[in-house]
Amino acid sequence: MNMMVPPPSHSSLYYCFQILLALVLFSLQMLTHQLEASSSKVEVLPGFEGPLPFQLETGYVGLGETDDDMQVFYYFIKSENDPKKDPLMLWLTGGPGCSSFSGLVFQIGPVEFEIKEYNGSVPSLVLRPQSWTKLCSIIFVDLPLGTGFSYAKNLTAHRSDWKLVHHTHQFLRKWLIDHPEFLSNEFYFGADSYSGIPVPAIVQEISNGNEEGLQPSINLQGYLLGNPITTRREKNDQIPYAHGMGLISDELYKSLQKNCKEEYIDVDSRNELCLRDLEYFDECLSGINHFYILDSYCESDSPLWRRSLTHELKKSSSSHLTDTVPELSCRIYSSYLGRKWINNERVRKALHIREGTIGKWVRCYKTDFEYEISDSVEFHANLSKKGYRSLIYSGDHDILVPFMSTQAWIRALNYSIVDDWRLWFANGQVGGYTRTYSNRMTFATVKGSGHMAPEYTPEQCFSMFTKWISNLPL
Ligand SMILES: *[C@@H]1O[C@H](CO)[C@@H](O)[C@H](O)[C@H]1NC(C)=O
Ligand SMILES: *[C@@H]1O[C@H](CO)[C@@H](O)[C@H](O)[C@H]1NC(C)=O
Ligand SMILES: *[C@@H]1O[C@H](CO)[C@@H](O)[C@H](O)[C@H]1NC(C)=O
Ligand SMILES: *[C@@H]1O[C@H](CO)[C@@H](O)[C@H](O)[C@H]1NC(C)=O
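Residues numbered from 1 in each chain as written. Chains lettered and ligands numbered in written order. Predicted model: local features only at pLDDT ≥ 70, side-chain atom pairs only at ≥ 80, totals over all residues.

Draft legend 1. Seen up close, the site of ligand 3. Around ligand 3, the structure places Q204, E378, F379 and N382. Per-element tally for the shell around ligand 3: the top contributor is helix α11 (residues 377-385), with three residues. Grouping the amino acids of the shell around ligand 3 by side-chain chemistry returns one nonpolar, two polar and one charged. (Near = placed C-beta within 6 Å. Helix = DSSP H or I, 4+ residues; strand = E, 2+ residues; numbered from the N terminus. Nonpolar A, V, L, I, M, F, W, Y, C, P; charged D, E, K, R; others polar.)

Structure, rendered in structure tokens:
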């Protein structure tokens, strides 16, 4: 269970190679551009009554040398306010390998599923009033390759942290070449969960690319991350967190601290006292929803998500449970509706999915991913030095990435505080707590929320996002 894989070195030679590659790919794309339309407007969607009241486009961006290789699928929704002036955001859901359709439909996009028992008809979509597209244009991208509707000839060759970083960067520049009207908009990156590992590296690569004159230049302003995995040592904070939340006894907590010496990840297999305590700990948390400890626990939550966190979870077998039907009262029921919806032939046609490229769509594709970046703190430090803004928020009832872990690495950056710990409000009620540092980084808790905060507390998160993206204090 050693998570400290050193990241490969990044020599300048490698960078030259990247630039060269980008130039070659750029010219190739110009040549092959007319071969097939790569983006299409979507005006109606099965399950949604009438024409869509927002502008949706779907499409593919090719990263490979041939037309049928390395095709990255995206959903693009224009700001419902003023797309000419509003910021542009690229959103990457976690996993790694969970489709950004999750971010769109379960968290921050303009539509969501109506929760009704599935009866064989296409599930219904309704509008989400707290969509972040009310004030920001958002590209939801399916990456790494193999995720959602993105495909490649040889997937195995394209699935690792660093490949995800390079591919996302290339995707963005190519997407902007195809959408030059968005070149001058302020650009932000948004992501959550596992993407806390690759995204700071992607933002650094975008910034370095700009400095080296890569075209088109990107108007990069900053990034926001929700409950981001950052050090891969978040599990160590689960124990004090569970204690603080009243999930384990004082005695067990003291015993764990003493027997394990506060190291709960790399445990010596001969340390029986510590192992026994950890077993008791697991028992205490066995009926608890780890994503949102206030929520119901549903059997089908675990297979999808347990695997998604760290490579420790990679071991459990993959797709055997994806067809379980959850209880209607479980939050995960919407995920089941999502699978039924998106695997429907009419829906796929409406989304302009290329026929024969992807068999069954799965929310999280987890096969053969190589974990290369052990920790993303240094990227945050580098980005701060360059003056980019950032918002790091923590749903405070998530035990997978407890807010204490996030606060700890932010504190370790050693920036001075410019706006100290205080309440922030949403609709006249306390939305959580916030603190802002001199490196333009804002930390915020989202009170009573979970791992994917906008899914659990949409009003609070919409209010937080609105203020931050408008350059206002929370
Ligand atoms: C499923 O329910 C909807 C109403 O919610 C109805 O319009 C539709 O016809 C039903 N489909 C089937 C196959 O019964
Ligand atoms: C796919 O890529 C992997 C890793 O680069 C390589 O080992 C394998 O031979 C490739 N498979 C094919 C069919 O080219
Ligand atoms: C941070 O920036 C420095 C200076 O540009 C660079 O040498 C270093 O590799 C960067 N850190 C990471 C993790 O990329
Ligand atoms: C922050 O300060 C501590 C204690 O002075 C030091 O050990 C650490 O290296 C500093 N971290 C950074 C990122 O500068």
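Draft legend 2. Inspection of the environment of S405 at higher detail. Counting through the fold element by element, S405 comes out in helix α12 (residues 403-411). Among the residues examined, S405 registers 24 C-beta atoms within 10 Å and is labelled buried. The contacts of S405, once residues within four sequence positions are left out, are T231, E234 and D237. (Buried ≥ 20, exposed ≤ 12 C-beta atoms within 10 Å, placed from the backbone. Contact = placed C-beta atoms within 7 Å.)

Draft legend 3. Here's a closer look at the pairing of strand β9 (residues 220-226). Counting buried residues in β9 gives six out of seven residues, a clear majority hidden from the surface. Pairing of strand β8 (residues 187-192) with β9 involves six bridges; the strand directions are parallel. Considered in β9, the bridge of D192 is made with G226. Handedness of the crossover joining β8 and β9 through helix α4 (residues 198-211) is recorded here as right-handed. Relative to strand β10 (residues 389-395), β9 runs parallel, the two sharing five bridges. Note that in β10 the partner of Y223 across the bridge is S390. (Pairing = 2+ DSSP bridges. Right-handed = clockwise from strand over helix to strand, strands pointing away.)

Draft legend 4. Highlighting the sheet that holds β9. Across the sheet, 11 strands lie side by side as β1-β2-β3-β7-β4-β8-β9-β10-β13-β12-β11; this open sheet has mixed pairing. Every interior strand has two partners, whereas the edge strands, β1 (39-42) and β11 (417-426), have only one. Neighbour-to-neighbour, the strand axes of the sheet open up by a mean angle of 20 degrees, direction not taken into account. Here strand β3 (residues 71-77) runs beside strand β7 (residues 137-141); their pairing, made up of four bridges, is antiparallel. Considered in β7, the bridge of Y75 is made with F140. (Axes fitted to C-alpha atoms, helices over the stretch in contact; angles between N-to-C directions.)

Draft legend 5. View of the packing of helix α3 (residues 161-178) against α4. The N-to-C vectors of α3 and α4 enclose an angle of 45 degrees; their axes lie 9 Å apart at closest approach. In terms of orientation, α3 lies oblique with respect to α4. In terms of crossing hand, the pair formed by α3 and α4 is right-handed. Where α3 approaches α4, its residues D161, L164, V165, T168, H169 and L172 are matched on the opposing element by P198, A201, I202, E205, I206 and G209. The class makeup of the residues in the contact of α3 with α4 is seven nonpolar, three polar and two charged. (Parallel < 35°, antiparallel > 145°, perpendicular 65-115°, else oblique. Left-handed = near helix turned anticlockwise from the far one by under 90°.)

Draft legend 6. Seen up close, the nonpolar core. Grouped together as the largest cluster of nonpolar side chains are 105 residues, with contacts concentrated most on V72, Y74, I139, F140, V141, F189 and M464. Composition of this core by domain shows at least three residues from each of domain 1 (1-232 + 327-474) and domain 2 (234-326). Each residue touching M464, except ones within four places of it in the same chain, is listed here: Y393, A426, G431, A444, V446 and L474. (Core = buried A, V, L, I, M, F, W, Y, C linked by C-beta atoms within 7 Å. Domains from an automatic or database assignment.)

Draft legend 7. Main features of helix α14 (residues 458-469). In this model α14 runs 16 Å from its N-terminal to its C-terminal C-alpha over 12 residues, within 8% of the 16 Å that 1.5 Å per residue would give. Buried within α14 we find Q460, C461, F462, M464, F465, K467, W468 and I469. Where α14 is buried, its residues contact β9, β10, β11, β12 (429-437), β13 (441-446) and α13 (453-456). N471 sits one or two residues past α14 and shows a positive phi near 65 degrees. (Expected span 1.5 Å × (residues − 1).)

Draft legend 8. Just the confidence of the model for the protein, in detail. Overall, the prediction assigns the protein a mean pLDDT of 89, with 87% of residues at 70 or greater. Below pLDDT 50 for its whole length, residues 1-14 participates in 16 contacts with residues either more than four positions away or in separate chains. Ignoring residues within four places in sequence, the model shows residues 28-35, a span with pLDDT below 50, making five contacts including any to other chains. (pLDDT = per-residue confidence, 0-100.)

Draft legend 9. Molecular detail of the pairing of β10. Counting buried positions over the seven residues of β10 gives six, a clear majority of the element. Across six bridges, the pairing between β10 and β13 is parallel. Paired with L391 across the bridge in β13 is T442.

Draft legend 10. Region of interest: unusual backbone geometry. With omega at 0 degrees, the peptide bond leading from G95 into P96 counts as cis. Mapped onto the elements, P96 comes out in the loop between β4 (88-92) and α2 (101-108). In this structure, P216 follows Q215 across a cis peptide bond, with omega equal to -10 degrees. Within the secondary structure layout, P216 lies in the loop between α4 and β9. Its identity is not glycine, yet D368 carries a phi of approximately 50 degrees, on the positive side. If you trace the backbone, D368 turns up in the loop between α10 (345-350) and α11.

Draft legend 11. Fine view of the packing of helix α6 (residues 250-260) against helix α7 (residues 272-284). Where α6 meets α7, the axes come as close as 8 Å, and the angle between the chain directions of the two elements is 145 degrees. Note on packing geometry: the crossing formed by α6 with α7 is left-handed. In this structure, α6 contributes L252, S255, L256, N259 and C260 to the contact, and α7 contributes L273, C274, D277, Y280 and F281. A per-class count over the contact of α6 with α7 returns seven nonpolar, two polar and one charged.

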